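# Observations on the model geometry
Each chain, letter by letter, is given below.
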Amino acid sequence: MASATLPTPMDDNQMSRIDPAPATINTGPRDSDLLLEVRDLKTYFHLDEGTVRAVDGVSFTIHRGRTLGIVGESGCGKSVTAQSILRIVPRPGRIVSGEILYHRRRSTSNGTTTDETIDLARLDPQGREIRSIRGNEIAYIFQEPMASLSPVHTIAHQIIETIRLHQRVDYDEARARAIEVCRRVGLPKPHETIDRYAHQLSGGQRQRAVIALALACRPSLLIADEPTTALDVTTEAQILALMKELQQEYGMAIQFITHNLGVIAEMADDVVVMYLGKQVEQAPVDDIFFNPRHPYTRALLRSIPKLGRKTRERLESIRGMVPDPYSIPKGCAFHTRCPFYLREKCADPQYIAVGPNHWARCNRAMELDG
Ligand SMILES: Nc1ncnc2c1ncn2[C@@H]1O[C@H](COP(=O)(O)OP(=O)(O)OP(=O)(O)O)[C@@H](O)[C@H]1O
Ligand SMILES: [Mg+2]
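In this text, all values refer to a predicted model and were calculated from it rather than measured experimentally.

### Remarks on the pattern of salt bridges
Applying the stated criterion across every chain yields a total of 20 salt bridges. Arginine 183 is paired through a salt bridge with glutamate 180; the nearest N and O atoms lie 2.6 Å apart. Here arginine 183 and its partner glutamate 180 are both found in helix α6 (residues 171-184), three residues apart, which amounts to about one turn of the helix. Exposure remark for arginine 183: the relative accessible area of 45% places this residue in the partly exposed category.

### Some details on the packing of aromatic side chains
Following the criterion strictly, the structure yields four aromatic pairs and no others. Note on tyrosine 140 and phenylalanine 142: the rings are 4.9 Å apart at their centroids and 75° apart in plane angle, and the pair reads as edge-to-face. Assessed through its relative accessible area of 27%, phenylalanine 142 is described here as partly exposed. When the ring of tyrosine 296 is compared with that of phenylalanine 334, the centres are 5.3 Å apart and the planes differ by 65°; the resulting orientation is edge-to-face. Of the two residues, tyrosine 296 is situated in helix α12 (residues 295-302) and phenylalanine 334 in the loop between α12 and α13 (343-346); the sequence distance between them amounts to 38 residues. The class of tyrosine 296 is buried, set by a relative accessible area of 0%. Site record: aromatic cluster; members linked through ring pairs are Tyr275, Tyr296 and Phe334. The aromatic ring of tyrosine 250 is capped on one face by arginine 218, whose charged end is 4.1 Å from the ring centroid.

### Overview of the sheet that holds strand β8 (residues 253-258)
Strand order in the open sheet formed by eight strands is β6-β7-β8-β3-β9-β10-β12-β11, and the pairing between neighbours is mixed. The outermost strands of the open sheet, each flanked by one partner alone, are β6 (138-141) and β11 (351-355). Each strand axis lies, on average, 20° off the axis of its neighbour in the sheet, ignoring direction. In the sheet, β6 pairs with strand β7 (residues 221-225) via four bridges, with the strands oriented parallel. What sits directly across from isoleucine 138, in β7, is leucine 221.

### Describing the side chain of glutamine 282
Of note, glutamine 282 is situated in strand β10 (residues 278-284). A polar atom in the side chain of glutamine 282 sits 2.8 Å from the side chain of glutamine 279. At a separation of 2.4 Å, a polar atom in the side chain of glutamine 282 contacts the side chain of tyrosine 351.

### Brief notes about the site of ligand 1
Contacts to ligand 1 come from 16 residues, most closely from Ser74, Gly75, Lys78, Ser79 and Gln143. Between ligand 1 and valine 80, the relevant distance is 2.9 Å, taken from an oxygen atom to a main-chain nitrogen or oxygen of the residue. Bound to the protein, ligand 1 loses 72% of the 640 Å² it would expose on its own. Going through the elements one at a time, β1 (34-47), β2 (50-63) and α2 (78-86) are the ones with two or more residues in the shell around ligand 1. Ranked by the residues each element gives to the shell around ligand 1, the list is headed by α2, at three residues. Looking at side-chain class alone, the shell around ligand 1 contains eight nonpolar, five polar and three charged residues.

### Concerning the state of the cysteines
This structure, assessed with the given rule, holds zero disulfides. Counting only cysteine sulfurs, cysteine 346 is the nearest neighbor of cysteine 362, a cysteine outside any disulfide, at a range of 6.1 Å.

### Some words on the environment of cysteine 362
Considering the arrangement of structural elements, one finds cysteine 362 in the segment after β12 (358-361). For cysteine 362, a relative accessible area of 8% puts it in the buried group. The spacing of cysteine 362 and arginine 293 is 69 residues in sequence and 7.9 Å in space, taken between C-alpha atoms. When sequence neighbours within four positions are dropped, the list of residues in contact with cysteine 362 reads His294, Pro295, Gln350 and Ile352.

Thresholds, definitions, all that
Residues numbered from 1 in each chain as written. Chains lettered and ligands numbered in written order. Predicted model: local features only at pLDDT ≥ 70, side-chain atom pairs only at ≥ 80, totals over all residues. Heavy atoms only, no water. Salt bridge = Lys/Arg side-chain N within 4 Å of Asp/Glu carboxyl O. Helix = DSSP H or I, 4+ residues; strand = E, 2+ residues; numbered from the N terminus. Buried < 20%, exposed > 50% of the residue type's maximum accessible area, 1.4 Å probe, protein only. Phe/Tyr/Trp six-rings, centres within 6.5 Å; stacked < 30°, edge-to-face > 60°. Lys NZ or Arg CZ within 6 Å of the ring centre and 35° of its normal. Pairing = 2+ DSSP bridges. Axes fitted to C-alpha atoms, helices over the stretch in contact; angles between N-to-C directions. Polar contact = N/O pair within 3.5 Å; in protein donor to acceptor, adjacent residues only side chain to side chain. Near = heavy atom within 4 Å. Areas by Shrake-Rupley, 256 points an atom, 1.4 Å probe, with all protein chains shown as cover. Nonpolar A, V, L, I, M, F, W, Y, C, P; charged D, E, K, R; others polar. Disulfide = S-S within 2.5 Å. Contact = heavy atoms within 4.5 Å.

Geometry only, nothing functional implied.
In structure tokens:
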């Protein structure tokens, strides 16, 4: 499949200086593959203590059938980005600017398809339109699996409700579809297990039920926010393999959020690396691993275990702490932790193209050794 185009993000003061033409760098897909375009999205929390710029000018695209990985340390804005797309940002957070263009494709009764573009950022978060998209065309798996499942309803009840909310089918048909999707995600004895409550399932089974619920309406985009963090490594590997298999079968795109670069390597086609609300690097997955250009990405890579590394060798942690979100450092937000920081060079970091479909927010990106 063709590679993705990642549009150029814009900072408050960068609009005029930005590399204007991702299309010229795009070697990949036709426009018809484009499913979601997030453009210069800003989502802030205005609190008494100050403003948290949880998402601060993020741009990326997701193509049909492909997986975009979003990676970064805790608090960098991964979940709030997902919540913005779904329009479920908790108060007092709100989208202050930007676009979230959803390119919807629908089949008509005479067998043709129609395309339309909806700016999700402009929809009423409680309105009919976003409710028809959320959980249906764009499904999601929350960071904490129990947040996706009701403790007081059976799995069957929840999946059937979801199907009947979005599709005109009777109860028996919805139940048959629910059992089928549970079978597909590998729940044992689905016709019985489906009548259980979440607390009666093991962690792995619960996560399979969450995936079944998310896939019940065959979404075109699945947003999975740390879907395997709570699982042991064997179950995690099984769930990741299952998600890939179902992606092929359903032809859906996945936005895969994780702090784990190992999982990114396994799952993603393209990667956005975030730091303090901004994307600092984006590239096809191989470039992130074999030709990282931003010092933060390089530090993240050094902090993951590698097969073959001598066991006594210590993993490097990224030096320093993530700064307080109320007082993000001026200039390059990473400069307080960066071994390559040069005051005269790093005051005004530009988001520059460093290769095909590859951008980094670092003025020294091209000087760093491979
Ligand atoms: N409901 C909220 N009220 C106030 N601030 C919030 C709220 N939700 C998120 N934030 C802030 O927004 C920033 C981004 O948070 P977010 O949850 O997106 O991080 P994350 O990258 O998903 O982290 P993690 O890996 O821990 O899940 C953080 O500084 C966080 O404290
Ligand atoms: Mg999160």
